[in-house]
Amino acid sequence: MTKSIYIAGHTGLIGSALLERLGGEDDYAIITRTHSQLDLSDHVQVDRFFEKEAPEICILAAGRVGGIIANRDYPADFITENLAIQLNVFRAARHTGVKKLIFFGSSCMYPRECPQPMNEDQLLTGKPEPTSMAYAISKLAGVEMCLAYNRQYGARRFLPVIPNNVYGPRDNFDSKSSHVLPGLIRKFHEAREKGLASVTLWGTGTPRREFIYVDDVADAVSFLLEHDTDSLEFPLNMGVGYDNSIKDLAEIVCNVVGYIGQIKWDTSKPDGAPRKLLDSSRLKVLGWRPKVGLEEGIKNSYQWYLKNMSET
């Protein structure tokens, strides 16, 4: 029998990949709403939606996200909007009997200074990176809300997962609010088009980051939906198992884009956390593995950007 599944945030990076991945399967009847049709920060609208549609599964891929500049400039918006969405969706899902809800945390929830790779037990053992503190706190609250609902109501229905830096087609390439990888793609593409001799990037280039292609995240979610999760310990990290320095990442993007100029570093700007590599052994021991390598994923992202850059 088909199961009704609501994908919140189906037009975003992760949500669109999930729509494509799960929408092609006969097991699921997909429910979606745009922001204009359903404001998830409005509890009245959310309650009415869940009571009418009564989805069996909910994937919460909606929320306010952004890079280091956006997090620095709009911390109140990040924490307020994400907390409101989480509270409304979780409460409505519980009241209407949703059987399984998947919530996306973030690797920025981990302490800034944290042993590498980071395992799930290290959450709340130190302070997150200050530049993304408000967003991190909202996501930590979401993870704890999942676990609290499970403890209080005696069923493992709320499943928090923690993907590392997700990238791919339909990413946010805006120069002011994007994450590092799509930001680099746009920056080097524009530098190549303008014939610039050099490009200046923030920080020292030494921080290391792990990146996971969005289709691998969608595959991991599908994997969890198809398996019995009652015996699993949550939250679950989702990563590829290796990281790259921002300097190395910039050089890979240069090669993909075809920019041959010089890369300069503005060390007066912040680096963010020194390293964020996840220990994803809890998930991988079940048999899941990522499939898309970093260079292949960047090529796919760049090709999508070239086709859609007039809209980004």
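Up top you'll find the structure we're talking about.
Structural notes, computed from the coordinates. Everything numeric here is computed off the predicted structure, so don't read it as measured data. (Residues numbered from 1 in each chain as written. Predicted model: local features only at pLDDT ≥ 70, side-chain atom pairs only at ≥ 80, totals over all residues. Heavy atoms only, no water.)

1. Thoughts on the side chain of Asn150
Note the cut-off: Note on conventions: DSSP H or I runs of at least 4 residues are helices, E runs of at least 2 residues are strands, and numbering of each starts at the N terminus. Here, residues are in contact when the closest pair of their heavy atoms is within 4.5 Å.
Here Asn150 shows up in helix α5 (residues 133-153). Not counting residues up to four positions away in its chain, the partners in contact with Asn150 are Ala155, Arg156, Arg157 and Phe158.

2. Notes on the pattern of salt bridges
We apply this condition: Think of a salt bridge as a Lys or Arg side-chain nitrogen and an Asp or Glu carboxyl oxygen that are within 4 Å of each other. Burial here depends on accessible area, computed with a 1.4 Å probe over protein chains only, as a share of the maximum for the residue type. Under 20% is buried, over 50% is exposed, and the range in between is partly exposed.
Taken as a whole and assessed by the stated rule, the structure comprises 19 salt bridges. Close ionic contact of Glu190 with Arg186 constitutes a salt bridge, the shortest N to O distance being 2.9 Å. With Glu190 and Arg186 both in helix α6 (residues 180-194) and four residues apart, the pair spans about one turn of that helix. Of the residues examined, Glu190 reaches a relative accessible area of 29% and is grouped as partly exposed. According to the relative accessible area criterion, Arg186 is buried, its value standing at 17%. When salt bridges that share partners are traced, they join Glu120, Asp121, Glu233 and Arg282 into one network.

3. Examining the layout of surface pockets
This is how the line gets drawn: Only protein atoms enter the 1 Å grid used here, on which a cavity is any set of points holding a 1.4 Å probe that cannot leave and a pocket is any open set flanked by protein within 12 Å on both sides along at least five of seven lines; residues with an atom within 4 Å of a point are listed as lining. Grid points are joined across faces, edges and corners, and a volume is the space filled by probe spheres set on the points. Classification convention: Asp, Glu, Lys, Arg as charged; Ala, Val, Leu, Ile, Met, Phe, Trp, Tyr, Cys, Pro as nonpolar; all other residues, Gly among them, as polar.
Approximately 160 Å³ is the volume found for the second largest pocket. Lining of the second largest pocket is provided by Glu120, Asp121, Leu123, Leu124, Leu140, Val143, Glu144, Leu147, Glu233, Phe234, Pro235 and Arg282. With four residues, α5 is the largest single contributor of residues to the lining of the second largest pocket. Residue composition of the lining of the second largest pocket, grouped by class: seven nonpolar, no polar and five charged.

4. A word on the packing of helix α2 (residues 43-53) against helix α4 (residues 75-95)
Rules: Under this scheme, a helix contributes an axis fitted over its contacting stretch, all axes are lines through C-alpha atoms, and angles between N-to-C directions fall in the 0 to 180 degree range. For classification purposes, an angle smaller than 35 degrees is called roughly parallel, one larger than 145 roughly antiparallel, one from 65 to 115 roughly perpendicular, and anything else oblique. Two helices cross in a left-handed way if the nearer one is turned anticlockwise from the farther one by less than a right angle. They cross in a right-handed way if the turn is clockwise.
Taken N-terminus to C-terminus, the directions of α2 and α4 make an angle of 30 degrees; their axes are 9 Å apart at the nearest point. By the angle class used here, α2 and α4 are roughly parallel. Between α2 and α4 the crossing geometry is right-handed. Between α2 and α4, the residues in contact are His43, Val46, Asp47 and Phe50 and Asn88, Val89, Arg91, Ala92 and Ala93, respectively. When the residues that make up the contact of α2 with α4 are grouped by side-chain class, the tally is five nonpolar, two polar and two charged.

5. Considerations on the packing of helix α1 (residues 13-23) against helix α7 (residues 214-226)
At a closest axis distance of 9 Å, the pairing of α1 and α7 adopts a crossing angle of 55 degrees. By the angle between their axes, α1 is oblique relative to α7. In the packing of α1 onto α7, the handedness of the crossing is right-handed. On α7, the residues touching Leu13, Ile14, Ala17, Leu18, Arg21 and Leu22 of α1 are Val214, Asp215, Val217, Ala218, Asp219, Val221, Ser222 and Leu225.

6. Concerning the nonpolar core
Keep this limit in mind: Here the nonpolar core consists of buried residues drawn from Ala, Val, Leu, Ile, Met, Phe, Trp, Tyr and Cys, with membership extended through side-chain atoms lying within 4.5 Å.
Grouped together as the largest cluster of nonpolar side chains are 64 residues, with contacts concentrated most on Leu40 and Phe50. Element by element, the count of residues in this core is highest for α7, at eight residues. The residues contacting Phe50, other than those within four sequence positions of it, are Tyr6, Pro55, Cys58, Val89, Ala92, Ala93, Thr96 and Val98. Counting 24 residues, the second largest nonpolar core, distinct from the first, contains Leu181, Phe188, Leu201 and Val292.

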